[in-house]
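Each chain, written out:
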Amino acid sequence: LSKEEIKALDADKECIKRLYQEYAIANKVYYYLIKDVNPEVSDDEARTITVEHILIKTYYLDENHQKTEYSAEQKREAFAKAQEVLQKAESGVSFDSLIAAYNEDSQSQYSFRKGEMSPGFEETAFNLGKGEISGIVETEYGYHIIKCITTFNQEETDANKVKIVEKKQEEVFEQRYSKFAEELTKAVNE
């Protein structure tokens with residue numbers, strides 16, 4: 001810090017020393033609380049896949065942007081449309097051209113790991129081989145036809161391992177800190 005900054009902050013050597021000590025103690029406490037978190041994450045748990053999909057919606061947004069389900073007749077029409085798209089995909093029509101013509105989602109490609117998508121969508125996607133196309137998969141959004149682009153992305157999987165461990169550490173810390181904070185509040189209130 002410059003002399004002007006030191007004066008403006010009213011920071012002397014003792015103040016800075018105390019801040020560093022408190023920071024070091026806080027770090028030690030944090031790492032002590034999370035030390036039991038297992039840092040090992042399997043490739044399968046962190047595996048990231050990439051898929052393309054075509055969505056035929058079974059809902060619309062009303063004037064208040066609230067999701068409103070299609071009627072039974074509208075759902076039958078949407079399913080018939082999904083069957084038509086699937087037949088075209090199975091007969092060799094380019095999946096990219098089918099996406100351009102039929103996809104009702106704002107995205108056509110997703111990269112994700114387990115636990116990030118709708119269960120039916122996710123289960124189907126993780127069971128596809130590279131280049132394989134699914135049947136019709138129903139979710140709360142509508143009917144999907146999924147094409148697997150990659151079944152394993154090592155770079156993204158490694159990055160996910162780090163994220164999973166950090167998330168586990170944060171959860172453990174939050175549990176222990178919340179319990180401590182609750183007890184602290186009780187003690188202060190008494």
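Note that this is a predicted model, so its numbers are computed, not measured. (Residues numbered from 1 in each chain as written. Predicted model: local features only at pLDDT ≥ 70, side-chain atom pairs only at ≥ 80, totals over all residues. Heavy atoms only, no water.)

(A) Highlighting the overall build of the protein. When helices and strands are counted, the protein shows 7 helices and 6 strands. Listing every helix and strand of the protein by position from the N terminus yields α-α-α-β-β-β-α-α-β-α-β-β-α. Against the compact-globule benchmark of 16 Å for 190 residues, the protein has a radius of gyration of 26 Å, which places it well outside the compact range. C-alpha extents for the protein along the principal axes are approximately 75 × 40 × 40 Å. Pairs at least 24 residues apart make up 66% of the contacts formed inside the protein by residues separated by at least 6 positions. In the structure as shown, the protein presents an accessible area of about 13,100 Å², 50% of it carried by carbon and sulfur atoms. The positive charge centre, built from 25 side chains, and the negative charge centre, built from 38, are 5 Å apart in the protein. (Helix = DSSP H or I, 4+ residues; strand = E, 2+ residues; numbered from the N terminus. Rg over C-alpha atoms; globule rule 2.2 N^0.38 Å. Contact = heavy atoms within 4.5 Å. Areas by Shrake-Rupley, 256 points an atom, 1.4 Å probe, with all protein chains shown as cover. Lys, Arg positive; Asp, Glu negative; His and termini not counted. Charge placed at Lys NZ, Arg CZ, Asp CG, Glu CD.)

(B) Spotlight on the packing of aromatic side chains. According to the stated counting rule, one finds 8 aromatic pairs in the structure shown. Note on Tyr177 and Phe180: the rings are 6.2 Å apart at their centroids and 45° apart in plane angle, and the pair reads as tilted. Of the two residues, Tyr177 and Phe180 both sit in helix α7 (residues 154-189), 3 residues apart, roughly one turn of that helix. For Phe180, a relative accessible area of 46% corresponds to the partly exposed category. Taken together, the ring pairs in this structure connect Tyr30, Tyr31, Phe173, Tyr177 and Phe180 into an aromatic cluster. Sitting over the ring of Tyr32, Lys35 keeps its end group 4.3 Å from the ring centre. Its guanidinium or amino end placed over the ring of Tyr59, Lys67 lies 4.8 Å from that ring's centre, counting from NZ or CZ. (Phe/Tyr/Trp six-rings, centres within 6.5 Å; stacked < 30°, edge-to-face > 60°. Buried < 20%, exposed > 50% of the residue type's maximum accessible area, 1.4 Å probe, protein only. Lys NZ or Arg CZ within 6 Å of the ring centre and 35° of its normal.)

(C) Up close: the side chain of His53. The topology assignment puts His53 in strand β1 (residues 48-57). Classification of His53 by relative accessible area gives buried; the value is 1%. Within the structure, the side chain of His53 is placed 3.5 Å from the backbone oxygen of Gln107, a separation counted as a polar contact. Within the structure, the side chain of His53 is placed 3.0 Å from the side chain of His144, a separation counted as a polar contact. Each residue touching His53, except ones within four places of it in the same chain, is listed here: Phe95, Ile99, Asn103, Asp105, Gln107, Ser108, Tyr110, Phe121, His144, Ile145 and Ile146. (Polar contact = N/O pair within 3.5 Å; in protein donor to acceptor, adjacent residues only side chain to side chain.)

(D) Representation of the pairing of strand β5 (residues 133-139) within the structure. One ladder, built from 5 bridges, connects β5 with strand β6 (residues 142-150); its direction is antiparallel. Bridge pairing in β6 places Ile133 opposite Lys147. Connecting the antiparallel pair β5 and β6 is a turn made up of 2 residues. (Pairing = 2+ DSSP bridges.)

Purely geometric stuff here, so don't read any function into it on its own.
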